[in-house]
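Structural overview
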Amino acid sequence: MDGLIIGLDLCDAYTRICCHDREKSWCIPTVICRKKDEDAWYVGEEAYAYTLVGEGIIVDKLIKMVRKEGTATLGGIKYEGLNLLTMFLKKILKLPMEEFFCEEVKQLVVTLQKADAKIMDALMFCGDALGIPRDRIHIVSHTEAFVYYVLSQKKEVWSNQVGVFDLSEDSFHYHELKVQRGLRKMMVIAEDEALEESFNLDILDTPSGGKLADKILSSCADRLLQKKLFSSLFLTGKGFERHDWAPDSMKLLCHRRKVFMEPELFARGAAIRGMDYLQEKSAYPFICICEGRLHSTVSMRVLHKERESQLVVAAAGDNWYESKSSVDLIVDNQDYVEFMVTPMDPKQRRLIKIDLEGFPKRPGRTTRLGISFGFLDEKTMAVVLKDKGFGELFPASDTIIRQEVML
């Protein structure tokens, strides 16, 4: 095999691993422990086992710890959450490597419930420490992994709306997607809602708790699914590994709809996304609007060879974390730059103007402007404007303008 294409669903409670085109999968509790009397580390069920007999010190909620830049003291040594997460990932990535006799990671796509800049930077750092090149690591939201999983199925599965209920130990989420046709390019719009009615899965262990959970799920399903035409519904997460607690909910969900149980939905979707990253031409030629993707296109009006055109610097559907670009322009008798922000509804497009305050005054077409674009999240663009002068006649100054733009 040329290299592994790994989808990794990373959550604070459990982490699931799948490889593209492989049936074997893993579900590992997201915990790590260090033995008390030696520098030996264990993850998942092994970590629980050593801790249970008093031989190990365990650390859980690693994602939360990294987000808060937290630390843990084990065996008298203080460890940063980032280092513990790196060790955890190193241990669990050995599972598919040993199973499939392959040490090379060709693509690693990590999917998270909430993918913010801090945890994404941290995962890139982990990849560096594990020797995986950055261009082989991608981070997507659960919603995006759901999109790729669903669109890899037969067309009848996604010809109308598709929903997924994700019931895990610490959250209850609903995702929904719809495909819009009739445009120049097919568009998939997917949304995620954190349901306030979430409950602890421990209540499923008692008959009265199961009845309450069944009532909660039925209420959510009735609210979210009414008056909509669904091709299919998916159920995922630890809470749906058994469904004997939900007779009324199952009756409601399955009424005139196809319902699928898929515990590894997000991990498998991430692996499918990983395979697509390797293709010269995507097998999924659509614009995807969901969490983790830009909802607006950003462009600039420029003159090239005496012809006016719109230069697109970021397009709706791009991954905001990976969307970085730079361009050099010649300013022609203006002391500002202007961007056009075009959301999904073109009627709401607007102009953003940034004054070149502090830039040297020069004759027309004698200022070369370097513009760099990046994103802090899917709704915030960071722009850096730099004076590059114009040859020896007008040397560059140290003038730089940094500005954040809400899209």
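Residues numbered from 1 in each chain as written. Predicted model: local features only at pLDDT ≥ 70, side-chain atom pairs only at ≥ 80, totals over all residues. Heavy atoms only, no water.

**Some details on the packing of aromatic side chains**
- This model, assessed by the stated rule, comprises 15 aromatic pairs.
- Pairing Tyr-42 with Tyr-50 gives two aromatic rings, centres 4.2 Å apart and planes at 25°, and the pair type is stacked.
- Here Tyr-42 falls in the buried class, since its relative accessible area comes to 17%.
- One aromatic cluster is present, built from ring pairs that chain together Phe-165, Phe-172, Tyr-174, Phe-199, Phe-240 and Trp-245.
- Across from the ring centre of Tyr-14, 4.3 Å away, lies the NZ or CZ of Lys-238, which sits over that ring.
- Just above the ring of Tyr-321 sits the side chain of Lys-324; from NZ or CZ to the centre is 4.9 Å. (Phe/Tyr/Trp six-rings, centres within 6.5 Å; stacked < 30°, edge-to-face > 60°. Buried < 20%, exposed > 50% of the residue type's maximum accessible area, 1.4 Å probe, protein only. Lys NZ or Arg CZ within 6 Å of the ring centre and 35° of its normal.)

**Quick look at the sheet that holds strand S24 (residues 400-406)**
- Read from one edge of the open sheet, four strands run S19-S22-S23-S24, paired in antiparallel fashion. Among the strands making up the open sheet, the edge pair consists of strand S19 (325-331) and S24. Here the average twist between neighbouring strands, direction ignored, is 25°.
- As paired strands, strand S22 (residues 367-377) and strand S23 (residues 380-387) are joined by eight bridges and run antiparallel to one another. In the sheet register, Ser-372 faces S23, and the bridge partner there is Val-384. (Pairing = 2+ DSSP bridges. Helix = DSSP H or I, 4+ residues; strand = E, 2+ residues; numbered from the N terminus. Axes fitted to C-alpha atoms, helices over the stretch in contact; angles between N-to-C directions.)

**Observations concerning empty space enclosed by the protein**
- Considering all chains together, one arrives at three cavities of 30 Å³ or more under this definition.
- Quantified by volume, the largest cavity comes out at close to 50 Å³.
- If you list the elements that add at least two residues to the lining of the largest cavity, you get strand S9 (105-112) and helix H4 (117-129).
- Ranked by the residues each element gives to the lining of the largest cavity, the list is headed by H4, at three residues.
- Of the residues in the lining of the largest cavity, the class split is eight nonpolar, one polar and no charged.
- Looking at the second largest cavity, its volume works out to about 40 Å³. (1 Å grid on protein atoms, 1.4 Å probe; cavity = no way out; pocket = protein on both sides within 12 Å on 5 of 7 lines; lining within 4 Å. Points joined across faces, edges and corners; volume = space filled by probe spheres on them. Nonpolar A, V, L, I, M, F, W, Y, C, P; charged D, E, K, R; others polar.)

**Digging into H4**
- Helix length check: H4, at 13 residues, gives a terminal C-alpha distance of 18 Å against a target of 18 Å (1.5 Å per residue), a fit within 8%.
- Elements that come into contact with the buried residues of H4 comprise strand S1 (4-10), helix H2 (62-67), helix H3 (81-99), S9 and strand S10 (137-141).
- The opening residue of H4, the one whose side-chain oxygen lies 3.2 Å from the backbone nitrogen of Lys-118, is Asp-116. (Expected span 1.5 Å × (residues − 1). Contact = heavy atoms within 4.5 Å. Polar contact = N/O pair within 3.5 Å; in protein donor to acceptor, adjacent residues only side chain to side chain.)

**Focus on the packing of H3 against H4**
- Orientation of H3 relative to H4, taken along the N-to-C sense of each, is 55°, at an axis distance of 9 Å. With respect to their mutual orientation, H3 and H4 come out oblique. Crossing angle aside, the handedness with which H3 passes H4 is right-handed. Between H3 and H4, the residues in contact are Leu-82, Leu-85, Thr-86 and Leu-89 and Ala-122, Leu-123, Phe-125, Cys-126 and Ala-129, respectively.
- Each residue belonging to the contact of H3 with H4 can be placed in one class, and the counts come to eight nonpolar, one polar and no charged. (Parallel < 35°, antiparallel > 145°, perpendicular 65-115°, else oblique. Left-handed = near helix turned anticlockwise from the far one by under 90°.)

**As for the sheet that holds strand S6 (residues 56-59)**
- Reading across the sheet, the three strands line up as S5-S4-S6 and stay open at both edges, with antiparallel pairing between neighbours. Two strands lie at the open edges of the sheet, namely strand S5 (41-43) and S6, each paired on one side alone. Strand-to-strand, the axes of this sheet are offset by a mean angle of 25°, without reference to chain direction.
- Its contacts with the sheet put H3 on strand S4 (32-35), S5 and S6, and the angle it makes with S5 is roughly 70°.

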